[in-house]
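What the coordinates show
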Amino acid sequence: MWGLAPRIPLRNVVRVLMKFHNPQGIHRLSAAAIKYIADPGWHADGGGLYLEVDKNGRKRWAMRVTVAGRRRDFGLGPLHKVSLQQARERASDYRAKAYQGIDPIAQKKLVTIENVVPTFEQAARQVHTDRKGIWSNGKHVDQWINTLADYAFPILGHKRVSEIKTADVLDVLSPIWTTKKETARRVRQRLAVVLDWARAAGHRSGDNPVELIGDALPRHPKTDRHHAALAYADVPTFIGKLRAGKAEGVTKAAFEFLILAAARTTEVRFAMWDEIDLEAATWTIPGNNVATGRRMKSGREHIVPLPGRALELLRGMGKSTKTKLVFPDSTTGKALSENRFLIARDAIGYTKEQCTPHGFRSSFRDWAAEETNFPPEVVEMALAHAIRNKTEAAYRRGNLMAKRRELMHAWAIHVLVAADSN
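Quick summary incoming for the structure in this document. As the structure is a prediction and not an experimental result, all values here were calculated from the model.

1. A short note on the overall build of the protein chain
- Looking only at helices and strands, one finds 17 helices and 9 strands in the protein chain.
- The buried share among the 422 residues of the protein chain stands at 42%.
- In the protein chain, the share of contacts with a sequence separation of at least 24, taken over all contacts with a separation of at least 6, comes to 56%.
- Here the protein chain displays about 24200 Å² of accessible surface, and carbon together with sulfur accounts for 51% of that area.

Here is the structure:
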């Protein structure tokens, strides 16, 4: 019938348009042709540039280049956002880089990393900023970042936290490990904190390289490191000054409670109300705690009989609905910092050479040995010390609670009589 043209398949129309546009096969696609391309697959424009059509008809630009014998495929953007001309310009840029041996995918990842993953110095300063608000000792706040600035930043400061290896940590620690032992230990601990933060923040994966050092560094020889302790006769005076001092109430209560219970700072700082039985006058410290980790040095549960003044301190604290801690930091609600005890000690005129919080356990032990007739095993059990004599440990079945209660009551009388008179 006149006026009717033969029906030509759409794909043939596209091929004609493409051939007419570029009979040599270079820049084969045209703006007109790409509107009608519907077959799923990669449709070549030439020079490694393709129009990719998925099974749902969505169209996007793709690039295929070979770098150092390795084929690399990557996207250049969807058709509705990137025109044919723009795709060709991008393709030309990537081809030029490929000819120079630059892997476009690796370069893109590097740019992404540089925009997202912090350097070690950036990470350390972020950790310092996050934590300094909960540190009450200004000297410690400055010292924490200064040690890293002095010893770590010159070597690691510019490195991305994702790139730091064990060898890098060794480069920091080796020069000071045997000459500045205490500083080296602090730097090592702070390196671990920063890299733990980086892992938690998603900036690195795998184990912390600080923890993988193992025996790569020589062991420091053991030294006889006794905690400085007051003579037991001077403990009442210390408590009197502590009560009259300017430390926060919770710090005073925790410190006095620590002395009365002959406990370690960690045990007191993380004491929970569900460990306290006011009626039975006992404090049951678990060996381990899911939330806070190991509580007792031995890892075994320890029951502390509490004298009257210790119970008075507990009742004065009052249970909080916001935390289960007995002695929470009034600002954060978290456990008191170890520094709180040290600052309170310094503020009332004592130095670290005179006494430490842990040293009051030694004061208690000396008092018990020299001023009482309690058997040594009762004193050792009050301190939760492991029994070295295996035979004695095997035959001791009870916890000597009655005798330990008498012991702690006598200790309270000793430290409080003079303190109450101050």
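2. Regarding helix α13 (residues 339-347)
- Turning to α13, its buried residues number three or more, namely Asn339, Arg340, Phe341, Ala344 and Arg345.
- Positive phi appears at glycine 349, one or two residues downstream of α13, with a value of about 95°.

3. A look at helix α4 (residues 120-132)
- Between its first and last C-alpha atoms α4 spans 18 Å; for 13 residues at 1.5 Å apiece the expected length is 18 Å, and the two agree.
- Within the sequence span of α4, burial applies to Phe120, Ala123, Ala124, Val127 and His128. Along the axis of α4, the buried residues cluster in a sector spanning 135°; they form a single face.

4. Some words on the packing of helix α10 (residues 249-261) against helix α12 (residues 308-317)
- Their axes nearest at 10 Å, the elements α10 and α12 cross at an angle of 155°. Here α10 is positioned roughly antiparallel relative to α12, judged by the angle of their axes. Considering how the two elements wind past one another, α10 and α12 form a crossing that is left-handed. Across the interface between the two elements, Val250, Ala253, Glu256, Phe257 and Leu260 from α10 touch Arg309, Ala310, Leu313, Leu314 and Met317 from α12.
- Grouping the constituent residues of the contact of α10 with α12 by class yields 8 nonpolar, no polar and 2 charged.

5. A few points about the nonpolar core
- Phe238, Phe257, Trp283, Phe327 and Phe364 are the most contacted members of the largest nonpolar core, which totals 52 residues.
- Those elements that place two or more of their residues in this core are α9 (235-244), α10, β6 (282-285), α12, α13, α14 (359-371), α15 (376-382) and α17 (401-421).
- Among the elements that make up this core, the one with the highest residue count is α10 (9 residues).
- The residues contacting phenylalanine 238, other than those within four sequence positions of it, are Leu230, Phe255, Ile259, Arg345, Ile348, Tyr350, Cys355 and Phe360.
- Counting 29 residues, the second largest nonpolar core, distinct from the first, contains Val117, Val172, Leu173 and Trp177.

6. Concerning the packing of aromatic side chains
- This model, assessed by the stated rule, comprises 12 aromatic pairs.
- Ring geometry for phenylalanine 257 against tryptophan 283: centres 5.2 Å apart, planes inclined by 55°, an arrangement best described as tilted. Of this pair, phenylalanine 257 sits in helix α10 while tryptophan 283 sits in strand β6; the two residues are 26 residues apart in sequence, bridging distant segments of the chain. Exposure class is identical for phenylalanine 257 and tryptophan 283. Each is buried.
- Put simply, the rings of Phe238, Phe255, Phe341, Tyr350 and Phe360 touch in pairs and so form one group of aromatic residues.
- The lysine or arginine in question, arginine 64, covers the ring of tryptophan 42, its NZ or CZ lying 4.7 Å from the ring centre.

7. Observations concerning the sheet that holds strand β9 (residues 302-305)
- The strand order across the open sheet built from 3 strands is β5-β6-β9, with neighbouring strands paired in antiparallel fashion. Two strands close off the open sheet at either side, each with one partner strand: β5 (276-277) and β9.
- One ladder, built from 2 bridges, connects β5 with β6; its direction is antiparallel. Bridge pairing in β6 links isoleucine 276 to tryptophan 283.

8. A closer look at the environment of glycine 133
- Inspection of the secondary structure assignment puts glycine 133 in the loop between α4 and α5 (138-151).
- Classification of glycine 133 as exposed rests on a relative accessible area of 67%.
- Along the sequence, glycine 133 and threonine 332 sit 199 residues apart, while their C-alpha atoms lie 9.5 Å from each other.

9. Things to note about the packing of α4 against helix α8 (residues 181-200)
- Close contact between α4 and α8 brings their axes to 9 Å; oriented N to C, the two are set at 95°. As judged from the angle between their axes, α4 and α8 are roughly perpendicular. Residues Phe120, Ala123, Ala124, Gln126, Val127, Asp130 and Arg131 of α4 form the contact with α8, whose own contacting residues are Leu191, Val193, Val194, Leu195 and Trp197.
- The residue inventory of the contact of α4 with α8, partitioned by class, reads 9 nonpolar, 1 polar and 2 charged.

10. Digging into the pattern of salt bridges
- In total, this model carries 18 salt bridges according to the counting rule given.
- For arginine 88, the salt bridge goes to aspartate 45, with nearest N and O atoms at 2.9 Å. With arginine 88 in helix α2 (residues 84-99) and aspartate 45 in strand β1 (residues 41-46), this pair connects stretches of sequence that are 43 residues apart.
- Note that arginine 309 and glutamate 256 form a salt bridge whose closest N and O atoms lie 2.8 Å from each other. Residue arginine 309 is located in helix α12, and its partner glutamate 256 is located in helix α10; the two are separated by 53 residues in the primary sequence. A single burial state applies to arginine 309 and to glutamate 256, both of which are buried.
- Several salt bridges share partner residues, and in doing so they unite Glu52, Asp54, Arg58 and Arg60 into one network.

Criteria and cut-off values
- Residues numbered from 1 in each chain as written.
- Predicted model: local features only at pLDDT ≥ 70, side-chain atom pairs only at ≥ 80, totals over all residues.
- Heavy atoms only, no water.
- Helix = DSSP H or I, 4+ residues; strand = E, 2+ residues; numbered from the N terminus.
- Buried < 20%, exposed > 50% of the residue type's maximum accessible area, 1.4 Å probe, protein only.
- Contact = heavy atoms within 4.5 Å.
- Areas by Shrake-Rupley, 256 points an atom, 1.4 Å probe, with all protein chains shown as cover.
- Expected span 1.5 Å × (residues − 1).
- Arc of directions from axis to C-beta.
- Axes fitted to C-alpha atoms, helices over the stretch in contact; angles between N-to-C directions.
- Parallel < 35°, antiparallel > 145°, perpendicular 65-115°, else oblique.
- Left-handed = near helix turned anticlockwise from the far one by under 90°.
- Nonpolar A, V, L, I, M, F, W, Y, C, P; charged D, E, K, R; others polar.
- Core = buried A, V, L, I, M, F, W, Y, C linked by side-chain atoms within 4.5 Å.
- Phe/Tyr/Trp six-rings, centres within 6.5 Å; stacked < 30°, edge-to-face > 60°.
- Lys NZ or Arg CZ within 6 Å of the ring centre and 35° of its normal.
- Pairing = 2+ DSSP bridges.
- Salt bridge = Lys/Arg side-chain N within 4 Å of Asp/Glu carboxyl O.

By themselves, these are just geometric observations and shouldn't be taken as functional.
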